[in-house]
Amino acid sequence: MRALVISGGGSKGAYAGGVAQYLIEKEQRNYDIFVGTSTGSLLVPHLAVNDIPKLYSMFTNVTQQDIFSVSPFVQRKKGNREFVSIDFVNSLWQFIRMKRTFGESKALMRNIKRNFTLEEFELIRATKEDVIVTVTNLSKNQVEYKSIKECSYEEFCNWIWISCNYVPFMSLATVDGFEYADGGLGCVVPIREAIKRGATEIDAVVLEAEHMENLKVLGKNPFSLMMNLFGHLMDQVEKHDIAIGKLAAKNNNVKLNLYYTPSKLTENSLIFSKRLMVSWWQQGFDYAKKKHTESSSMNAIKD
């Protein structure tokens, strides 16, 4: 069985959309299993129903208002560089209300239900082997994988939302007495889970460069520094997931194809800019095309 795995990465999910579009439309990849974490969990249901035009429109037009009901930061621009700083009013209001997170992402839940319909949910259950999203159970300190085959429509939409909740900047969710958050806090690239579900060939899109070329610019205030530190921790989890995934693929004789970003796309993946995401989608498509063109050329030389 063939699987598509998409890592977490916030707004960089647009890049994964471009890679997936090339693989599905040009390489004619027909996937049986789809596994996503965080932004990957937003992508995989739409890729499973093969509605790429809808997915493109959804991802390249998303705004802060589509994600946050209470935004913890304000977006600013200095020259060609876009960055965020803390929204002191909203953050103070969250403290006054005795909330445990800087922001709330209930708008994202409404956006998920608006774009992913019950009819699409039923179609996936009838035609695909599985679609799985990754969540982190903070109460149990463990990663959990939620299958579309084991959920109702409402439950699955809720798990997609929870998979994207980058705590403490987004909502903390409670299900059956357990507290949940972004799947990337425990597993950024769920390659091993795809293998456990029976995949024999995997295309995995990793929304980070394989090698960091430039020094990171650390935040100049406690809030942005906190975001940098969280990013660093997620990078370490990602490297661990890839190492474990490669080992599992080797031990189980699974063909694993990794698609990285050619460079670091952004310092803050919680910035949702139409201009950037349109560009990243095209970059993903072009990168996958280049990778396969070079691979075909190498194979021709060998023959």
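Look up: the structure comes first, before these words.
So, a few notes on the structure that sits alongside this text. Here the residue numbers are simple positions, counted from 1 along each chain's written sequence. At least 70 in pLDDT is required for a residue's local features to be given in this predicted model, at least 80 for side-chain atom pairs to be given and counted, and no such filter applies to totals for whole chains, interfaces and linings, which use all residues. For the side-chain quantities, the full set of heavy atoms in the structure was used; hydrogens and water were omitted.

## Comments concerning the overall build of the protein
Inference 1: Only runs of H or I of at least four residues qualify as helices and only runs of E of at least two qualify as strands under DSSP, and these elements are numbered from the N terminus. Within the protein one finds 11 helices and 10 strands.
Inference 2: Both definitions apply: the radius of gyration is a C-alpha atom measure, and the globule rule equals 2.2 Å times residues to the power 0.38. Over its C-alpha trace the protein gives a radius of gyration of 19 Å, about what one expects of a compact globule, namely 19 Å for 303 residues.
Inference 3: Projected onto its principal axes, the C-alpha coordinates of the protein cover approximately 65 × 45 × 35 Å.
Inference 4: Counting all 303 residues of the protein, 54% fall into the buried class.
Inference 5: When checking whether two residues touch, look at their non-hydrogen atoms; a contact exists if any pair is within 4.5 Å. Once local pairs closer than 6 in sequence are excluded, the contacts in the protein between residues at least 24 apart make up 77%.
Inference 6: Accessible surface, the protein: about 14500 Å² in total, of which carbon and sulfur atoms supply 53%. Summary of the burial criterion: residues with accessible area below 20% of their type's maximum are buried, those above 50% are exposed, and those between are partly exposed, where the area comes from a 1.4 Å probe applied to protein chains only. Accessible surface area values rest on a Shrake-Rupley calculation with a 1.4 Å probe, where residue burial reflects the displayed protein chains alone.

## Concerning the pattern of salt bridges
Inference 1: In the sections that follow, a salt bridge refers to a side-chain nitrogen of Lys or Arg positioned within 4 Å of a carboxyl oxygen of Asp or Glu. In this structure the tally under the stated criterion is 11 salt bridges.
Inference 2: Across the salt bridge formed by R29 and D203, the nearest N and O atoms sit 2.6 Å from each other. With R29 in the loop between α1 (13-26) and β2 (33-37) and D203 in strand β9 (residues 201-209), this pair connects stretches of sequence that are 174 residues apart.
Inference 3: The salt bridge partner of E208 is K264, with a shortest N-O separation of 3.5 Å.

## Quick look at the pairing of β9
Inference 1: A large share of β9 lies buried, amounting to nine of its nine residues.
Inference 2: The criterion for strand pairing is that DSSP finds at least two bridges linking the strands in question. Strand direction decides the pairing type here: β9 and strand β10 (residues 255-261), joined by six bridges, are parallel. Opposite E201, over in β10, you have K255 as the bridge partner.

## Overview of the nonpolar core
Inference 1: One finds L47 and F156 to be the most contacted residues of the largest nonpolar core, which totals 66 residues.
Inference 2: Sort the elements by how many residues they give to this core and α1 lands first, with eight residues.
Inference 3: When neighbours within four sequence positions are excluded, L47 is seen to be in contact with L4, I6, A20, I24, F34, I52 and L55. Among the buried residues, those of types Ala, Val, Leu, Ile, Met, Phe, Trp, Tyr and Cys that are joined through side-chain atoms within 4.5 Å form a nonpolar core.

## Topic: a nonpolar patch on the surface
Inference 1: Patch criteria: residues need more than 30% relative accessible area and no salt bridge. Like-charged residues are merged within 9 Å; nonpolar side chains of Val, Leu, Ile, Met, Phe, Trp and Tyr are merged within 5 Å. Together, L92, W93, F95 and I96 make up an exposed nonpolar region whose accessible area comes to about 480 Å².
Inference 2: Relative to the helices and strands, I96 resides in helix α5 (residues 88-96).
Inference 3: For I96, a relative accessible area of 53% translates into the label exposed.

## Notes on the side chain of N111
Inference 1: Along the chain, N111 turns up in helix α6 (residues 106-115).
Inference 2: Taking relative accessible area as the criterion, N111 reaches 10% and is therefore assigned buried.
Inference 3: Excluding residues that lie within four positions of it along the chain, N111 makes contacts with V62 and D66.

## So, helix α8 (residues 153-163)
Inference 1: The element α8 is extensively covered by neighbouring structure, given that eight of its 11 residues are classed as buried.
Inference 2: Regarding α8, the residues found buried are Y153, F156, C157, W159, I160, W161, I162 and S163.

Function-wise, these values are silent; they only describe arrangement.
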